[in-house]
Amino acid sequence: MAFLNGMNISASGLTAQRARLDVTAENISNANTTRTESGDPYRRRMVVFEPRNQGGFQEIFSRTARGKYSSQQGVIVSEIIEDESPFKSVYDPTHPDADENGYVMMPNVDLLKETIDGMEASRAYDANVTAFNAMKAMATKGLEVGR
């Protein structure tokens, strides 16, 4: 059933954007963490998405046109990677993690970037909810036709 496939696609988007929001929240909460278990400052993490179905557009289009729907459509979180950009050096000789010159290595988290990422993920999440609800409404109306 094609409408169920559409709901699965939206559901995969909801799951992926939720993971993105979780990682963004983790980055924001660790924006001032100067020492982790490894001894280094916290490194910003990023979510990498990947399509579930690895076929090209033409292949997916022709399969769908023939009525061969795949339940393996949508998006998945393929991995969560660390941002390798350099840490920020801040002068604060009173900080317990300051070096002999008074500089502290701070995480490579930019609160503006994280806020924008969070807003973007939230909007994408809302769009997936809207699409899911529209498909649900269409399915409900389709079932009412037979009455």
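Here's what I pulled together on the structure shown here.

Conventions we followed
Residues numbered from 1 in each chain as written. Predicted model: local features only at pLDDT ≥ 70, side-chain atom pairs only at ≥ 80, totals over all residues. Heavy atoms only, no water. Helix = DSSP H or I, 4+ residues; strand = E, 2+ residues; numbered from the N terminus. Buried < 20%, exposed > 50% of the residue type's maximum accessible area, 1.4 Å probe, protein only. Contact = heavy atoms within 4.5 Å. Areas by Shrake-Rupley, 256 points an atom, 1.4 Å probe, with all protein chains shown as cover. Salt bridge = Lys/Arg side-chain N within 4 Å of Asp/Glu carboxyl O. Pairing = 2+ DSSP bridges. Phe/Tyr/Trp six-rings, centres within 6.5 Å; stacked < 30°, edge-to-face > 60°. Patch = residues over 30% accessible without salt bridge, like charges linked within 9 Å, V, L, I, M, F, W, Y side chains within 5 Å.

A separate point is the overall build of the protein chain. Secondary structure assignment for the protein chain yields three helices and four strands. Ordering the α and β elements of the protein chain from the N terminus gives α-β-α-β-β-β-α. A burial count over the protein chain gives 27% of its 147 residues as buried. Relative to all contacts within the protein chain whose residues are 6 or more apart in sequence, the contacts with residues 24 or more apart total 66%. Surface exposure of the protein chain reaches about 9,700 Å², of which carbon and sulfur atoms provide 56%.

Right, let's get into the pattern of salt bridges. Per the counting criterion, the structure on display carries 10 salt bridges. With its nearest N and O atoms 3.7 Å apart, the salt bridge here joins Asp-117 to Arg-20. Separated by 97 residues along the polypeptide, Asp-117 in helix H3 (residues 111-145) and Arg-20 in helix H1 (residues 2-29) bring together distant segments of the chain. Residue classification places Asp-117 among the partly exposed positions, given a relative accessible area of 23%.

Here we take up the pairing of strand S4 (residues 103-106). Side chains Val-104 and Met-106 project from S4 onto a buried face, and the interleaved Tyr-103 and Met-105 project onto a face without burial. One ladder, built from four bridges, connects strand S3 (residues 88-91) with S4; its direction is antiparallel. Directly across from Ser-89, in S4, lies its bridge partner Met-105.

What follows deals with the environment of Glu-120. Checked against the element boundaries, Glu-120 lands in helix H3. The spatial distance from the C-alpha of Glu-120 to the C-alpha of Gln-17 is 9.2 Å, given a sequence separation of 103 residues.

Under the defined criterion, the tally for this structure stands at one aromatic pair. Seen in terms of ring centroids, Tyr-91 and Tyr-103 are 5.3 Å apart; in terms of plane orientation they differ by 65°. Their pairing is edge-to-face. Separated by 12 residues along the polypeptide, Tyr-91 in strand S3 and Tyr-103 in strand S4 bring together distant segments of the chain. Overall, the relative accessible area of 54% leaves Tyr-91 in the exposed class.

Right, let's talk about a nonpolar patch on the surface for a bit. On the surface, Phe-49, Val-77 and Ile-80 cluster together into a nonpolar patch covering about 220 Å² of accessible area. Counting through the fold element by element, Val-77 comes out in strand S2 (residues 75-82).

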